[in-house]
Amino acid sequence: MGAMELRPDSHGKVRDIYDCGDSLLMVASDRISAFDYILPDEIPYKGEILTRISAFWFEKFADLMPNHMLSMDVKDYPEEFQKYSDYLAGRSMLVKKAKTVPIEAIVRGYLTGSGKKTYDQDGTVCGISLPAGLVEASKLPEPLFTPSTKAELGDHDENISFDRMEELVGDSVGQQIRSAALKIYSAAAEYASTRGIIIADTKFEFGYIDGQLTLIDECLTPDSSRFWPAEGYEPGKVQPSYDKQYVRDWLKANWDMQGEPPHLPAEVIEGTSKRYQEAYQIITGTEFKPAKESNVTA
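Please read these numbers as outputs of a predicted model, since none were measured by experiment. (Residues numbered from 1 in each chain as written. Predicted model: local features only at pLDDT ≥ 70, side-chain atom pairs only at ≥ 80, totals over all residues. Heavy atoms only, no water.)

> Describe the sheet that holds strand 2 (residues 15–19), and please don't skip the residues or the numbers.
If you trace the five strands from one edge of the open sheet to the other, you get 1-2-3-7-6, paired in antiparallel fashion. Strands at the two margins of the open sheet, each flanked by one partner only, are strand 1 (10–11) and strand 6 (69–71). As paired elements, strand 6 and strand 7 (residues 92–96) share two bridges and run antiparallel to each other. Bridging across to strand 7, serine 71 finds its partner in leucine 94. Set on the sheet, helix 1 (residues 46–60) makes contact with strand 3 (23–28), strand 6 and strand 7; between it and strand 7 the angle comes to about 40°. (Pairing = 2+ DSSP bridges. Helix = DSSP H or I, 4+ residues; strand = E, 2+ residues; numbered from the N terminus. Contact = heavy atoms within 4.5 Å. Axes fitted to C-alpha atoms, helices over the stretch in contact; angles between N-to-C directions.)

> For helix 5 (residues 171–194), give the residues involved together with the corresponding values.
Between its first and last C-alpha, helix 5 extends 35 Å over 24 residues, near the 34 Å set by a 1.5 Å rise per residue. Among the residues making up helix 5, those that are buried are Val173, Gly174, Ile177, Ala180, Ala181, Ile184, Tyr185, Ala188, Tyr191 and Ala192. Phi turns positive one or two residues past the end of helix 5, at glycine 196, with a value near 80°. (Expected span 1.5 Å × (residues − 1). Buried < 20%, exposed > 50% of the residue type's maximum accessible area, 1.4 Å probe, protein only.)

> So, the nonpolar core: which residues are in play, and what are the values?
Within the largest apolar cluster, 75 residues are counted, with the highest numbers of intra-cluster contacts made by Leu25, Trp57, Leu88, Ile177, Phe204, Phe206 and Leu220. Considering each element in turn, this core owes the most residues, nine residues, to helix 5. If sequence neighbours within four positions are ignored, tryptophan 57 has contacts with Ala188, Tyr191, Cys219, Leu220 and Ile283. Ranked by size, the runner-up nonpolar core spans seven residues in total, among them Leu111, Leu130, Leu134 and Leu140. (Core = buried A, V, L, I, M, F, W, Y, C linked by side-chain atoms within 4.5 Å.)

> Tell me about the packing of helix 4 (residues 162–169) against helix 5, residues and numbers included.
Their axes nearest at 7 Å, the elements helix 4 and helix 5 cross at an angle of 125°. If you check the angle between helix 4 and helix 5, you find them oblique. You can see that helix 4 and helix 5 cross each other, and the crossing is right-handed. Contact residues: Phe162, Met165, Glu166 and Val169 in helix 4; Asp171, Val173, Gly174, Gln175, Ile177 and Arg178 in helix 5. A breakdown of the residues in the contact of helix 4 with helix 5 according to their chemical character gives five nonpolar, two polar and three charged. (Parallel < 35°, antiparallel > 145°, perpendicular 65-115°, else oblique. Left-handed = near helix turned anticlockwise from the far one by under 90°. Nonpolar A, V, L, I, M, F, W, Y, C, P; charged D, E, K, R; others polar.)

Below you can see the structure in the form of C-alpha cells.
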C-alpha cells in the first residue's frame, strides 16, 4: 500500500512511529506478523481496524485508566503529515510521549496457547500452579497476570515470573501494572461478553506520563488478544477466533518455519481481513466503513 515518503523514526513489526517533538504519530500498516516473522503479504484494512479498535477501548476506559491518545484527526497532526491524509485516515493516532515500561503485561483468562503447553507439562502457567483437570480453552479459576520481557525486533519475548518483573522494574511499578492490567482485562471481558465475545487473553503496554501510569501502544485488538465467539464455545477443543490464529494455522500446516515465510493464498488474506472487520463490528457495535471512503476519524 502506498505509504508515505517520510521515514519513520522507529518501527515495529506492523507499526511506524514518527517523532513530533512532544508527541508521537503512530501509524499502523497492513503488515501482519506471525511467529515473530513479518509476512510478505498485507491484510486489507488491518491497520485501520486495529487503530480504531484501540481508540474505542481508550475512550471506553478513559475513566478507569489514563491513556496516551491525543487525536485520530489528521487535521490535528503536524503540517508535514497533512498531504498524506488519505493514507493516514483511520490508521494513525497522535499520542503523548511516555516513559515506557519494558514489559508486556499479559493477562490470561482461559487456558490456551503457550499456557496450555506448560500446563500439560507440569500443571503451571508461567510458573503459577493451577488445579488439575483443565483442558484446552478451560476458563481459569481467575485471570492470571503473566508478564513477559519486551524483545527487540526479531527476538522472542520471554515469559518471566512476577518476582523477576519486580526485580526489573521495581516492586511498586510491578504491582501498579499488575493491578491495572487485571482491572482493564476484567472490565473489557465483562463488556465483550455482552457482545458475544470471549477475550481469552490479551497483552497491554504501560508507560509513565507526568509520573502517572498510563495505558499506551494498542489496546485489546485482534493482534494483541485472542477473541473467541461465545456462541459454540466448548472447552476441550481449539476455539475459532477473530484474530490472526487463522494465519498461524495456515503457516503451521504449510511451512516448516525455515527461511523466509511464504506468500499467503488469496483466501487466507481475504478471510483474515474479514475476521478483523467482524471483530471491529461486534466490539464497537458499528459497521466497519474504511475511513477514506466515509471520512470518519475515530
